[in-house]
Amino acid sequence: MLLLLLLQVSASCLWLGRGEVVTSFESSCPQFFFRETPPNEALEPESPAWICQRYKNQYYFATLYDTNRRIPVYSAYLYQPGPGTRPKTWMVEPQLMGPTYPKTMEREWTLLNYFNVSLEQLSKSQAILHDYKNLTGLNRGHLNPNGHHADSSSRTATFTLTNIVPQDEKLNSGAWKNYEQQTMIRRTQDCNTTYVVVGAVPGNNYIAKGRVNKPSHLWSSACCEVDTNHRKAWGVIAENDKNKVQLLTLGELEDVLTQLYGRDQVSLFDSDCPRK
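Here is what the cut-offs are and how they apply
- Residues numbered from 1 in each chain as written.
- Predicted model: local features only at pLDDT ≥ 70, side-chain atom pairs only at ≥ 80, totals over all residues.
- Heavy atoms only, no water.
- Helix = DSSP H or I, 4+ residues; strand = E, 2+ residues; numbered from the N terminus.
- Buried < 20%, exposed > 50% of the residue type's maximum accessible area, 1.4 Å probe, protein only.
- Lys, Arg positive; Asp, Glu negative; His and termini not counted.
- Salt bridge = Lys/Arg side-chain N within 4 Å of Asp/Glu carboxyl O.
- Polar contact = N/O pair within 3.5 Å; in protein donor to acceptor, adjacent residues only side chain to side chain.
- Contact = heavy atoms within 4.5 Å.
- pLDDT = per-residue confidence, 0-100.
- Disulfide = S-S within 2.5 Å.

What follows deals with the side chain of Glu93. Looking at the secondary structure, you find Glu93 in the loop between β4 (71–78) and α3 (108–114). No salt bridge forms around the buried Glu93; measuring N to O, its nearest opposite-charge neighbour Arg54 is 8.8 Å away. Of the polar contacts made by the side chain of Glu93, one reaches the side chain of Thr160; its length is 2.7 Å. Apart from residues lying up to four places away in sequence, Glu93 is in contact with Ile51, Gln53, Met105, Gln126, Thr160 and Thr162.

Our next topic: the environment of Ser152. Tracing the backbone through its elements, the reader meets Ser152 in helix α5 (residues 152–157). For the pair formed by Ser152 and Pro83, sequence separation is 69 residues and the distance between their alpha carbons is 9.5 Å.

On to the confidence of the model for the chain, then. Across the chain, the average pLDDT comes to 92, with 93% of residues at 70 or higher. This model gives residues 1–19 a pLDDT under 50, and the stretch forms 6 contacts once residues within four places in sequence are excluded.

Attention now moves to the pattern of salt bridges. For side chains bearing opposite charge, pairing can occur when the charged atoms are close. Summed over all chains, the structure comprises 7 salt bridges. For Asp270, the salt bridge identified is with Arg35, shortest N-O distance 3.9 Å. Separated by 235 residues along the polypeptide, Asp270 in the segment after α8 (250–261) and Arg35 in the loop between α2 (25–28) and β2 (48–55) bring together distant segments of the chain. Looking at Asp270, the relative accessible area reads 17%, which means it is buried. The class for Arg35 is partly exposed, based on a relative accessible area of 40%. For Arg211, the salt bridge goes to Asp131, with nearest N and O atoms at 2.8 Å. Note that Arg211 is positioned in the loop between β8 (205–207) and β9 (212–214) and Asp131 in the loop between α4 (119–123) and β5 (138–142), a separation of 80 residues in sequence. In terms of burial, Arg211 and Asp131 fall into one category: buried.

What follows concerns the state of the cysteines. Disulfides are covalent bonds that connect the sulfur atoms of two cysteines. Scanning the entire structure with this criterion turns up 3 disulfides. A sulfur-sulfur distance of 2.2 Å marks the disulfide that ties Cys29 to Cys52. Its S-S torsion of about -80° marks the bond between Cys29 and Cys52 as left-handed, since a negative value means left-handed. Separated by 23 residues along the polypeptide, Cys29 in the loop between α2 and β2 and Cys52 in strand β2 bring together distant segments of the chain. The same class applies to Cys29 and to Cys52, which are both buried. Linked covalently through their sulfurs, Cys191 and Cys224 form a disulfide whose S-S length is 2.0 Å. Judged by the sign of its S-S torsion, about -100°, the cystine formed by Cys191 and Cys224 is left-handed. One end of the pair, Cys191, is in the loop between α7 (175–187) and β7 (193–201); the other, Cys224, is in strand β10 (residues 217–227), with 33 residues separating them in the sequence.

So, in structure tokens, the structure goes:
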């Protein structure tokens, strides 16, 4: 009996100690994907990191991160907009350095002062605040936007540098913002649950002396459950140097991404999401 109890406690401790960099989204934070099905492998970079984004001991979204280019490939979340203020504190992901570091996003300052981490050590696995200083014509562009969340904690969780890319400032404050704040509201009016996957196509240019890739395109896709028998889906894409967003069917977006990535056919959602 005692041995059984010890085994149960041991298993519990192992589960509690699991890092946020996981082996698969399906086994760790599948709730952010329609039918618990993430995008297929056609989008995966050479050095991927699967991050179940945790803040205050709770998962808020999922990010596939490119540790070589230091930008997210995509972030996946549930669309649940609500009133709230925009956070101001940016965080990083300690677990990208290794399993011995904190299992939740932290401020750079906290890691440097309380965990004996050097900025050089932190910067090897991800973008840091200094990479996004003195930008010209670019913003820190969220993939998963804070405005698509309903409370303070979920909004704050989006302010991790693993969820942002160098985004054209006119696009970020113009057509892309209009899509996030206006088009999404109109498109989701009759939706009970809306799953979103938003991503960035790597480009040929970099910021921060070649450390952080500037994407060539940004894209977003949504699969909405109207009821148990009806679903609708759509996508958008934008070149990252033009203030224009193109509205597409989900199938059209997947075909465009397939061409841009030049690999296998891209699939962003389970097959029950309509492609037309």
